[in-house]
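Spelled out from the first residue to the last, the chains are:
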Amino acid sequence: MFVSVFDMFKVGIGPSSSHTMGPMVAAARYLDRLRGLPFAVAGVRARLHGSLAFTGVGHATDRAVILGLCGLVPESYEAEAGEAALADVKARGVVEPEGLVLRFAPANDLIFDYDAPLPGHPNGLAFEALDAQGDVIDREVYYSVGGGFVMSEAELAAGKDVDDGAPVPFAFKSAQEMLDMAAESGLSIAAMKMANERTRRSTAEIERGLARIWEVMNSCLQRGLESEGVLPGGLKVKRRAAKIWQALQAERGMNLTAPHTINDWMSCYAMAVNEENAAGGQVVTAPTNGAAGVVPAVIRYWLDHVPGAVPSRVGEFLLTAAAVGGLIKHNASISGAEAGCQAEVGSAAAMAAAGLCAVMGGSVEQVENAAEIALEHHLGMTCDPVRGLVQVPCIERNGLGAIKAVSAASLSLRGDGSHLVPLDACIKTLMETGRDMSEKYKETALGGLAVNVPNC
């Protein structure tokens, strides 16, 4: 089993990896399919199902599909070009990606199908190719399975959710296998993950890629710390990270500052990222957009507040975190629409706890313990975004996820790595809990806070 660090941490745009980035990627894949068809295609239609329909507007899924059909992709998206493309499609009813000219009038050709969920995953969408008469001549179903990962209907049925390239030296499919391989090889989790990555890229490419991931994460965080105003979407949620950060800086060095103020720093860092995400800014999936603030907040906490922290070890943090995230994705889910927020912020907290424990000198056993503690105490967390927006409770939830991650790493470092609940059992429980959870609490905005907050 191999999920690359560059798949777990992908550069993209907000507000959602599964509802924004995924549909953009799916549209790009369908365009590639159209370019290969042996007959002429005059138009295209998109149908959103399940969670993509229920919270699609709040998550900007409609915009994402249009942008994707225009040929734009998340990793290179530029806001100015995107807005121009949207205006052009609205005015002309045509999309013109490279090599194609297709009729597409969003009012008629972008359909929110609330009553017909697709069987493979809650985040399903279908694209249809139309001939000159408007008849459907080709159709493909895609599933946005979380974290920007997209699978066709056939790929999902075949279980193709991981890299199928050359074999890797440490193909652990479970945390126990990871522990066993570490004991046998004498390597850390990050070193094993690095060895696996080298089967796909050179060491220099990996190091540059890891540096790029942290650069984008930290830039997003810093923009959030420096930006004020009201977030889009109609809830009139005010950005808070900037003012909290200013207050914390002013208090720094004061003898009377309470020890628990460190929690405010962690929350501030995480909220800064997720406020940027909510505003549609550039973010890194970690492992999703909705949970994008936890990992960078913990890294920033470590670098800014922990004695002995050095930027040169951020890559080790990310590799360790990606190994844990890959296990959760492979054996459970990182999709809020499939398993609730335990799969998003819970996974992010486990990844961050593992990474922090590793760079603070933890053994492989302590790293596994840190991940387990963080994930265990997110089990059962629902996904109930108010008005379908990735704002309430999502932004604050990242702050609390970061605090839990640091606490989990600290607790594990106080022990010897032995513990009662294995990480594998915790991951299995996440998936079982997600299956038992009512659909109302899995990113549909049909239950919980989404229906109980007054005037929303």
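In the block above lies the structure referred to throughout.
Residues numbered from 1 in each chain as written. Predicted model: local features only at pLDDT ≥ 70, side-chain atom pairs only at ≥ 80, totals over all residues. Heavy atoms only, no water.

Quick notes on unusual backbone geometry
Here the residue pair glycine 14 and proline 15 is connected by a cis peptide bond, since its omega of 10° sits within 30 degrees of zero. Mapped onto the elements, proline 15 comes out in the loop between β1 (11-13) and α2 (17-35). Going from valine 392 to proline 393, the amide bond is cis rather than trans, its omega being 5°. The residue proline 393 is located in the loop between α17 (364-376) and α18 (394-413) in this model. Its identity as a non-glycine residue notwithstanding, lysine 236 has a phi of 60°, on the positive side. Following the sequence through the fold, lysine 236 ends up in the loop between α10 (203-226) and α11 (241-251). Within the chain, glutamate 443 stands out as a residue other than glycine whose phi angle is a positive 60°. (Helix = DSSP H or I, 4+ residues; strand = E, 2+ residues; numbered from the N terminus.)

A word on helix α13 (residues 294-305)
If you check α13, its first and last C-alpha atoms are 16 Å apart, about what twelve residues at 1.5 Å a residue would give, namely 16 Å. The element α13 is extensively covered by neighbouring structure, given that nine of its twelve residues are classed as buried. Of the residues making up α13, those classed as buried are Val294, Val295, Pro296, Ala297, Val298, Ile299, Arg300, Tyr301 and Trp302. (Expected span 1.5 Å × (residues − 1). Buried < 20%, exposed > 50% of the residue type's maximum accessible area, 1.4 Å probe, protein only.)

Digging into the pairing of strand β8 (residues 149-152)
Taken residue by residue, a regular strand's side chains alternate between the two faces of the sheet. Neither face of β8 is left uncovered, since the one carrying Phe149 and Met151 and the one carrying Val150 and Ser152 both have all their residues buried. With four bridges joining them, strand β7 (residues 136-146) and β8 adopt antiparallel strand pairing. The residue of β8 that forms the bridge with tyrosine 142 is serine 152. The loop that links β7 with its antiparallel partner β8 comprises two residues; one of these, glycine 147, has a positive phi angle of about 70°. (Pairing = 2+ DSSP bridges.)

Keep in mind these values describe shape, not function.
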